[in-house]
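Structure at a glance
Each chain, written out:
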Amino acid sequence: MSSWFRPRDHNIFTNATSLLICGLLAGVVVAAAVFPAAAMSGLSVKAGDQAFAALPSQIKAFASPQITRIYASDNKTQIAVMYDEFRSDVPLSQISPNMQNAIIAAEDRGFYKHGGVDLKGTVRAFVNDSQGGDRQGASTLAMQYVRMALAYSATNPREVVAATEDTPKRKITEMKYAIQIEKEMSKQQVLERYLNIAPFGNGAYGIYAASQIYFQKSPKDLDISQSAVLAGLVKGPTEFNPTTPSGYAKTVDRRKYVLDGMVTIGAITKAQEDKALKEPIPRQVKKVGNGCVSVNKNEWGFFCDYFTRWWNSQQAFGASTFDREQRLNNGGYRIVTSMDVKATASAYKRIHQQIQNGNKDALMLAAVQPGTGQVLALAANRTFKLDESHNHISSNPAKAARHLKGTYPNTTNPIVTGGGDVDGYQAGSTFKMFTMVTALKQGIPLTKTIQAGVVAKTHYIVEPSSPAACPGTHFYCPGNAGESEAGTYNMWSAFGHSVNTYFVPLEEEVGAGNVVQTAQDFGIQFRASNDATLAAPGSAEQWGAFTLGVSESTPLDLANAYATLAADGRYCAPTPVKEIVDRDNEKIDVGSPQCRRVVSADVARAALDAARCPVGDSAQLGSCGGSGTAPQSHGVVKHPVFGKTGTTDSEKTAALILGTTSIVVAGYLADPDWPQTTQHMKHGVVNPAVWNTVADFMDGKPKVQFPKPGDTKVATGDLVSVPTVSCTSVADATAELKGAGFIPTTGGQVTSTCPPGTVADTSPSGRAPKNTQIIMEIAKDAAPNPGGGGTPGPKGGDKKNGGKPPR
């Protein structure tokens, strides 16, 4: 036996089988492609034909993975793309004729001459392969498309292997499918599907991705040389990768092969080939960023992350988080979010005018549109980035002792919206709004008068060792930010000055459990386990400190809760989307406003009227009794505004909520690594960022006044005349006031012309709702008895115990 024959001398039976298959194959394919099925019965390949006919010819329906594009609310600013495979199908009309001709020249020069199978090439390849020669393909574009389509339509690993294994059976199966495909599709349809499914290497799937990654242009703009380069990659994307030294040399040769083929099939002239050969081939590619860590502007990262977390929570997108992620990354959606580009840019700018990314304290802003729940902006003084290797050591002493990194300046934690390991931060007196709303729901009007003392003695039980306990007892006795805040208040003035010793007794009157329920109705979540325990039925009634904002929350929670007031008592679940369109251009009704009424419009309007007092605006139904705790807000925004400041014990957090009819912004200044920090958070940092963000958004918009309640009695109560009891004894005045339906109480001493020890005046006087507390001010005697009373001073506090009022 000659030596040249030995390498091919594998096994006589194997070779014989291969030759037999080739013979049958040639006859079967000729018959199937040329003759009608009825005529095949008389062919000598009847047995082979029967086996061939038994093969499937219909590919399972499938959808190749497509990129999902995320846009801002303007429907044109792209925030990010999401994908597992970077692919976006384009019609053939949007693919350069150069590219169409190049792929034919590279992979199937007889494309327009056969019916899906190149018989000569196939027989030649089978004979060559069976004799041990170099592997030859001879697969047409239709056959290659079949192979990729079978892999994508596979429902289990076995089917994937069957679609890609290098066997005669797989080849014959491909031929059967290819013949059927070319019966059902035009050549243009085959070409379009092939170009959209083929891999081009470097993470590019389909011609759109390849054009972007290799040449940063659209497929319709590819020139001759670029088309030849891309067409040459399909044969072996790794082998012909121009970004590697060995791959670059092979790409040069492969381009020449493709251009020669384009000349051969008459697509270009020799002169055009010579010109194309002079063009450079890229040695570098520009891969497209994937996901929220690759947003087009870093300031959009927190919103993008919120969107993905929202998507993964929606059961409409799959039974599990994995299914939902797969659908987002492969579904080819076009999603218009609620993110307002200008509002986000403003929030980011205003934050960084106050504090920089390297600061351990985080200034976090969330903006919501009332009436829809659409989230307009999320921002913080952090770089949205996975790499935390250059971060500072954590400010949390326990973590710092172990030299663990903190979350500044880089983080992807949801510090603005909560979730994962982020429970939130105490927001202080912003929670007084829930007590006020609960009182209004129960028919207690804003005119409700309480003599607020230096401390409020309650029946809430706390540990006797607690600094908030009344001395020698186990009862909760919180104080104000300063003793000067003791005095007579109604709900307008108490909310404006943030008087703890008004709202804790009011909470006790309406029931702490009811206040907690109101907060939940307004969207407050109890992410921390201890908060969830305290909020549970049976425990909430003893949560006396709840009205002072000791529960952990996030800026998004509070922005949306206060937006419920501006939406006339309709709570709308926060949503990051305006519209979702699938790959078939069908709208999906997920993410549209989901609103429900939680309080009446009149209750919401009355509460909002009092909420104008803290931020320098004027109430329409009553008197604020002073300038409030953030009085500059109204002057900066120059529109009707409402809101509330919040400060925790020892100033661990500083917060401001500020809104109009169009936007509500909540800002927190806190330490995300150590919310129980010993540092003092300043309103001078958070407040300007919030009111300037609101002012930027409202600039140029018409001024819209907040509507009044339809029935003003919800705010003012059923007013009746307060008896005039000046200069009468306390006993007689008490009896007369009780007889008129009021609740009399003794206040402080005042200078008066009345005899000492008699009632000098009442607060309120004139007219007041029944069951209102009427404070009797006592005329001074020669040795006045020191005590609380009088009218409130110009400042108030919004902390639970002691400390300075916010500035």
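Further up the page is the structure itself.
Residues numbered from 1 in each chain as written. Predicted model: local features only at pLDDT ≥ 70, side-chain atom pairs only at ≥ 80, totals over all residues. Heavy atoms only, no water.

This part takes up the pairing of strand E15 (residues 577-581). The sheet contact formed by strand E5 (residues 334-337) and E15 spans four bridges and is antiparallel. By the bridge assignment, Thr337 is partnered in E15 with Val577. Taken together, the two bridges between E15 and strand E16 (residues 587-588) define a ladder with antiparallel strand orientation. If you follow Val581 over to E16, its bridge partner there is Lys587. Hairpin connection, E15 to E16: the antiparallel pair is bridged by five residues, and Asn585 has positive phi, about 65°. (Pairing = 2+ DSSP bridges. Helix = DSSP H or I, 4+ residues; strand = E, 2+ residues; numbered from the N terminus.)

Moving on to the sheet that holds strand E22 (residues 743-750). In spatial order, the strands read E22-E25-E23; together these three strands make up an open sheet with mixed pairing. Every other strand in the sheet has two partners, leaving E22 and strand E23 (759-763) as the edge strands with one partner each. Between one strand and the next, the sheet's axes are offset by a mean angle of 30°, whatever the strand orientation. Bridge count between E22 and strand E25 (residues 773-779): six bridges; the pairing is parallel. From the neighbouring strand, Thr746 faces E25, where its bridge partner is Met776. (Axes fitted to C-alpha atoms, helices over the stretch in contact; angles between N-to-C directions.)

Most of helix H23 (residues 601-610) sits out of view: seven of its 10 residues are buried. Turning to H23, its buried residues are Val603, Ala604, Ala606, Ala607, Leu608, Asp609 and Ala610. Elements that come into contact with the buried residues of H23 comprise helix H17 (432-441), helix H18 (491-497), helix H22 (555-566), strand E18 (642-647) and helix H26 (713-716). (Buried < 20%, exposed > 50% of the residue type's maximum accessible area, 1.4 Å probe, protein only. Contact = heavy atoms within 4.5 Å.)

A word on the state of the cysteines. Per the stated rule, a full pass over the model turns up five disulfides. Between Cys727 and Cys754 runs a disulfide, and the two sulfur atoms are separated by 2.0 Å. Handedness of the Cys727-Cys754 disulfide follows from its S-S torsion of about -75°: it is left-handed. Here Cys727, found in the loop between strand E21 (719-721) and helix H27 (730-739), pairs with Cys754, found in the loop between E22 and E23; they are 27 residues apart in sequence, far enough to count as distant. The class of Cys754 is buried, set by a relative accessible area of 7%. For the protein chain, the disulfide bridges join cysteines in the arrangement 1-2, 3-4, 5-6, 7-8, 9-10, where the cysteines are counted in sequence order. (Disulfide = S-S within 2.5 Å.)

These results come straight from atomic positions and should not be treated as a statement about function.
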